[in-house]
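# Tertiary structure, described
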Amino acid sequence: MQAHLVARRVDPYSVRLFVSVARAGSIVRAAGQEHIAPSALSRRLADLEHAFGTTLLIRSPRGIELTDAGHVVLAGGEQIDADLQALVRKVQTVGDAVRGTVRLYANMSAVIGFLPERLQSFMTSFPQVEVSLQELDTRDVVRACLDDRADVGVGVEVQVPAGLESWRFATDPLLVVLPAGHALAKRKSLSFAQALEHPLIGVHQGGALDRSLHERAAALHHPFAPTVSVSSFDAVCRMVEAGLGIAVIPQSAAAAYAGNARFARRPLDEPWAARDLHLYALRKSPRRRAVAALIEALRG
């Protein structure tokens, strides 16, 4: 019989039972130690001998005695058992450790306003975890999670598609950012209609915020036509600082780039301005420890 066919028919559990019998010198004693019926153990031994094609044990009223082949199987079986135990310990060690790479996709405001400190705290607590971060628009973040290209996503709260789980991440309301001497800076808060009466700076054409502002302006029967559109919040604030217009941006971005005396920041007095960011992840059970740990660390 070919060796690979024998190997396929040899059951590691039967080999372990054989080792126990050889060490105990008795099928009955080995059965008690292994918590198996003597008759069942005997059948396992017979199957093992059949798989090897030779006798391994000589049975007698005084107990058992190993054949030459039995001694070979005992030595190999002890090594197999030791290797299996070592494998179990290794797997258990890996299972208990929080390590590996987590793919994190996040929108611009999360990257600017909330993720740096939370990631720093997480990576201090879990130094064996590497976080691979990519910045994308919210809809692309959600798509990446659904496609299993991202382990965790952060973006504006949206209706959760089937197959995804969602958790609150942070509150990031929209503000109006103006030059400090702007006429509207005298007001404590501003409506979107008031903001639309002035030159506006747009950000990230086609992005979630840009689409939302276009929709809100259309509902007011007013065109949303920024005088300048740029690709980042820091560029928006530079345009505002230079007096080219005002802008509607998240509080996180305003705090990061318009937090000095050259700017005025006013709440946008609209129900839809109360914007939340959420975490997203493909529903999995169980979830990798590193991914679960990151979700737990980022939840707001």
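Look a little higher up for the structure.
Residues numbered from 1 in each chain as written. Predicted model: local features only at pLDDT ≥ 70, side-chain atom pairs only at ≥ 80, totals over all residues. Heavy atoms only, no water.

### Structural notes on the pairing of strand 5 (residues 152-156)
Applicable threshold: Three exposure classes are used, based on accessible area relative to the maximum for each residue type with a 1.4 Å probe and protein chains only: buried under 20%, partly exposed in between, and exposed over 50%. The helix count covers DSSP runs of H or I at least four residues long, the strand count covers runs of E at least two residues long, and both are numbered beginning at the N terminus. Two strands make a pair as long as DSSP finds a minimum of two bridges between them.
Counting buried residues along strand 5, five of its five residues qualify, which places the element largely inside the surrounding structure. Across three bridges, strand 3 (residues 100-106) lies against strand 5 in parallel orientation. Bridge pairing in strand 5 links A106 to V154.

### Focus on the environment of D140
Among the secondary structure elements, D140 is positioned in helix 8 (residues 138-146). Classification of D140 by relative accessible area gives partly exposed; the value is 37%. Measuring from C-alpha to C-alpha, the distance between D140 and L268 comes to 26 Å, with 128 residues separating the pair along the chain.

### Re unusual backbone geometry
Note the cis peptide between S285 and P286, where omega equals -5 degrees. Mapped onto the elements, P286 comes out in the loop between strand 12 (276-282) and helix 13 (289-298). Although it is not a glycine, H35 sits at a positive phi angle of roughly 55 degrees. For H35, the position within the fold is in the loop between helix 3 (27-34) and helix 4 (38-52). Backbone geometry places H204, a non-glycine residue, at a positive phi of 50 degrees.

### Focus: the nonpolar core
Stated formally: We call a set of buried Ala, Val, Leu, Ile, Met, Phe, Trp, Tyr and Cys residues a nonpolar core when their side-chain atoms join them within 4.5 Å. When checking whether two residues touch, look at their non-hydrogen atoms; a contact exists if any pair is within 4.5 Å.
F192, F233, V236, I249 and L268 are the most contacted members of the largest nonpolar core, which has 37 residues in total. A per-element tally of this core places strand 7 (residues 174-179) first, with five residues. Among residues more than four places away in sequence, those in contact with L268 are L174, L175, V176, L190, S191, F192, V248 and A273. Formed by 27 residues, the second largest nonpolar core is a distinct cluster that contains V98, V111, L277 and L294.

### Considering helix 11 (residues 233-241)
Here is the rule: Here the arc refers to the directions that run from the helix axis out to each C-beta atom.
When helix 11 is considered as a whole, its buried residues turn out to be F233, V236, C237 and V240. Projected down its long axis, helix 11 carries its buried residues within an arc of 95 degrees, all on one side. Note on helix 11: the residue one or two positions beyond its end, G243, has a positive phi of about 85 degrees.

### With respect to the sheet that holds strand 7
For clarity, the threshold we go by: Every axis in this analysis is a line fitted to C-alpha atoms, fitted for helices over the stretch in contact. Angles between the N-to-C directions lie between 0 and 180 degrees.
If you trace the three strands from one edge of the open sheet to the other, you get 10-7-11, paired in antiparallel fashion. Here the strands that pair on one side only, and so sit at the sheet edges, are strand 10 (247-250) and strand 11 (263-267). Averaged over all pairs of adjacent strands, the angle between their axes in this sheet comes to 40 degrees, without regard to strand direction. Here strand 7 runs beside strand 10; their pairing, made up of four bridges, is antiparallel. Bridge pairing links L175 to I249 in strand 10. Against the sheet, helix 11 makes contact with strand 7, strand 10 and strand 11, and its axis sits at roughly 145 degrees relative to strand 10, the strand it touches most.

### Some details on the sheet that holds strand 3
Strand order across the open sheet formed by five strands is 4-3-5-12-6, with mixed pairing between neighbours. Only two strands of the sheet have a single neighbouring strand rather than two, namely strand 4 (129-135) and strand 6 (164-171). Taking the axes of each pair of neighbouring strands and ignoring which way they run, one obtains an average angle of 25 degrees across the sheet. Note: strand 5 against strand 12, four bridges, orientation antiparallel. Paired with V156 across the two strands is L277, which belongs to strand 12. Its contacts with the sheet place helix 7 (residues 115-125) against strand 3, strand 4 and strand 6, and it is angled at close to 165 degrees to strand 4.

### Quick notes on the packing of helix 2 (residues 12-24) against helix 4
So the rule is basically this: For classification, angles of less than 35 degrees are called roughly parallel, those exceeding 145 degrees roughly antiparallel, those between 65 and 115 degrees roughly perpendicular, and all remaining angles oblique. Crossing handedness: left-handed means the near helix sits turned counterclockwise from the far one by under a right angle, and right-handed means the same turn made clockwise.
Axis separation between helix 2 and helix 4 bottoms out at 9 Å; the angle between their running directions is 110 degrees. Here helix 2 lies roughly perpendicular to helix 4, going by the angle between them. As helix 2 packs across helix 4, the resulting crossing turns out to be left-handed. The residues of helix 4 that touch helix 2, namely those facing Y13, S14, V15, L17, F18 and V21, are L41, R44, L45 and L48.

### Observations regarding the packing of aromatic side chains
Each pair of aromatic rings is reported with the distance of its centres and the angle of its planes. As a reminder of what qualifies: For Phe, Tyr and Trp, rings pair up if their centres lie within 6.5 Å, where Trp contributes its six-membered ring, and each pair is then called stacked (planes under 30 degrees apart), edge-to-face (over 60) or tilted (otherwise). We call a charge positioned above a ring when the Lys NZ or Arg CZ atom is no farther than 6 Å from the ring centre and deviates by at most 35 degrees from the ring normal.
Applying the stated rule across the entire model yields four aromatic pairs. Judged by centre distance (5.0 Å) and plane angle (40 degrees), the rings of F122 and F126 are tilted. An aromatic cluster of at least three residues, connected via ring pairs, comprises F192, F224 and W272. Stacked on the ring of F169, the Lys or Arg R118 has its end atom at 4.4 Å from the ring centre.

### Quick look at the packing of helix 2 against helix 3
Spelled out, the test is: All amino acids are sorted into three groups, where Ala, Val, Leu, Ile, Met, Phe, Trp, Tyr, Cys and Pro are nonpolar, Asp, Glu, Lys and Arg are charged, and the leftover types, Gly among them, are polar.
Interhelical geometry of helix 2 versus helix 3 gives an angle of 125 degrees and a closest axis separation of 8 Å. Classified by the interaxial angle, the pair formed by helix 2 and helix 3 is oblique. Crossing handedness for the pair helix 2 and helix 3: right-handed. Residues Y13, R16, L17, S20, V21 and A24 of helix 2 pack against I27, R29, A30, Q33 and E34 of helix 3. Of the residues assigned to the contact of helix 2 with helix 3, the class counts are six nonpolar, two polar and three charged.

By themselves these figures say nothing about function.
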